[in-house]
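Residue strings, one per chain:
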Amino acid sequence: MEQTVGIASAGGKISVALVEGDRLISPVDVYSESGDYSERDDLFSMPMESVVAMVAEMVRTLRREHQVEPAAAGMCFPGIIRNGIVEESPNLKQAKGANLCRMLTEALASRGLTTRVSVCNDADAAATGIAAQRGQMENLIRVWTLGQGVGFGRYPHYPGPCEVGHTVVTLDPKETYCGCGGRGHLEGIVGHRAMRLRFLDLEPEEIFANARQGDARCAEFELLWHRALAAGTAGSVHLDGPGKFFIAGPSARFVQVNLLNQYLQEMVAMSPLQGSVFEVVPGLEELAIVGAAVNAAAVQH
Ligand SMILES: [Zn+2]
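These numbers were taken from a predicted model, which means no experiment stands behind them.

### Observations concerning the overall build of the chain
- Secondary structure summary: the chain contains 10 helices and 12 strands in total.
- For 301 residues, the compact-globule estimate of 2.2 N^0.38 gives 19 Å, and the chain sits close to it at 19 Å.
- Going through the 301 residues of the chain one by one, you find that 46% of them count as buried.
- Considering only residue pairs separated by 6 or more positions, the chain has 65% of its internal contacts joining residues 24 or more positions apart.

Here it is in structure tokens:
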């Protein structure tokens, strides 16, 4: 079976591994400027040329250590990715306009690797990873990735931008915390960056911990946070029908599935559209690596 390189930039790190079929066959090599989730701006303030050079070096090391000639390299990246170009990436502004596919192809070629490269959205890669690992390549897979921003991945991929994280979930003009600058966005409530902007005095984990201890301001926000995620999900249900919604990423640990279910039921009233379920899945990094690699392998054939 062919071996493919999967490269993920989910969770604020660059992670690279070898993939065969739907499984990792090497340890994950991780680059992270800082292990602290809130301090990782260092990595993402790097110019894209440096990010790509680092990725190419990691792939070269992987190839040398494992003595393989990968059939393809697949990279996933946050934002609107079309034809290998990062058209927009609200939380990684330096990436806007970068032809990531061409840059990585050239960086690998200059290191003696003529591997074919493909690039896709990071949440879409997570959806592909779930579809592949669960043997559900025939089904519709939808996944929320909750991190610095809010991603919504879909497998099979939707041809449009699919920026469901930027769905408008409130008409309150004071809701301006989304990294893209749009008002009332889901990510402006649920995203890690947005939570830190809203609560300048508290980290997200403190907000949810305080909510559990009865702090009124935090408890109110916890409900708003779940309502916003339910509203985004309801939008997808009304567009694409009911089904299972996976939730992954660092902030998935804040999810109370029963609360989400309750709010979604309030928001979706038509009987043919009821019956959706949520499942929190661990291991976003592995899912994204596998998904990026599976996408790359599919492009090649
Ligand atoms: Zn937005």
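There's more to say after this.
### Some thoughts on the pairing of strand E12 (residues 277-280)
- The pairing of strand E11 (residues 244-248) with E12 spans 4 bridges and is classified as parallel. When the sheet's bridge partners are listed, phenylalanine 245 is paired in E12 with phenylalanine 278.
- Of the crossover connections in this fold, the one passing from E11 over helix H9 (residues 257-267) to the parallel E12 is right-handed.

### As for the nonpolar core
- Core analysis: the largest hydrophobic core is formed by 82 residues, its most contacted members being Val55, Met75, Leu104, Ala126 and Ala292.
- In terms of residue count, helix H10 (residues 284-300) provides more of this core than any other element does, 10 residues in total.
- Two domains each put at least three residues into this core: domain 1 (3-127) and domain 2 (135-280).
- If we skip the residues at most four places from it in the chain, leucine 104 touches Val52, Val55, Ala56, Met75 and Val117.

### Observations regarding the domain arrangement of the chain
- When cut into domains, the chain gives domain 1 (3-127) and domain 2 (135-280).
- Here the C-alpha centroids of domain 1 and domain 2 sit 26 Å apart.
- Tallying the contact residues gives 16 residues for domain 1 and 22 residues for domain 2.

### A look at the sheet that holds strand E9 (residues 141-146)
- Ordered by their spatial adjacency, 4 strands build an open sheet running E10-E9-E11-E12, and the pairing between neighbours is mixed. With partners counted over all chains shown, the strands left at the sheet margins are strand E10 (150-155) and E12, one partner each. Taking each pair of neighbouring strands and ignoring which way they run, the sheet shows an average axis angle of 25 degrees.
- Relative to E11, E9 is paired through 4 bridges, and the arrangement is parallel. If you follow threonine 145 over to E11, its bridge partner there is alanine 248.
- Taken strand by strand, helix H4 (residues 122-133) contacts E9, E10 and E11, and its axis lies near 45 degrees from that of E10.

### As for the environment of tyrosine 31
- For tyrosine 31, the location among the structural elements is in strand E4 (residues 29-31).
- Sequence-wise, tyrosine 31 and isoleucine 85 are 54 residues apart; in three dimensions their C-alpha atoms are separated by 22 Å.
- Setting aside anything within four residues of it in sequence, one finds tyrosine 31 in contact with Lys13, Ile14, Met54 and Met58.

### Description of the packing of helix H7 (residues 204-212) against helix H8 (residues 216-240)
- Taken N-terminus to C-terminus, the directions of H7 and H8 make an angle of 110 degrees; their axes are 7 Å apart at the nearest point. When the axis of H7 is compared with that of H8, the two are roughly perpendicular. Contacts between H7 and H8 involve Ile207, Phe208, Asn210 and Ala211 from the former and Cys218, Ala219, Phe221 and Glu222 from the latter.
- The residue inventory of the contact of H7 with H8, partitioned by class, reads 6 nonpolar, 1 polar and 1 charged.

### Focus: the environment of cysteine 101
- Tracing the sequence through the fold places cysteine 101 in helix H3 (residues 100-109).
- Classification of cysteine 101 by C-beta neighbours within 10 Å gives buried; the count is 20.
- With 28 residues separating them along the chain, cysteine 101 and alanine 73 place their C-alpha atoms 9.9 Å apart.

Conventions and cut-offs
- Residues numbered from 1 in each chain as written.
- Predicted model: local features only at pLDDT ≥ 70, side-chain atom pairs only at ≥ 80, totals over all residues.
- Helix = DSSP H or I, 4+ residues; strand = E, 2+ residues; numbered from the N terminus.
- Rg over C-alpha atoms; globule rule 2.2 N^0.38 Å.
- Buried ≥ 20, exposed ≤ 12 C-beta atoms within 10 Å, placed from the backbone.
- Contact = placed C-beta atoms within 7 Å.
- Pairing = 2+ DSSP bridges.
- Right-handed = clockwise from strand over helix to strand, strands pointing away.
- Core = buried A, V, L, I, M, F, W, Y, C linked by C-beta atoms within 7 Å.
- Domains from an automatic or database assignment.
- Axes fitted to C-alpha atoms, helices over the stretch in contact; angles between N-to-C directions.
- Parallel < 35°, antiparallel > 145°, perpendicular 65-115°, else oblique.
- Nonpolar A, V, L, I, M, F, W, Y, C, P; charged D, E, K, R; others polar.

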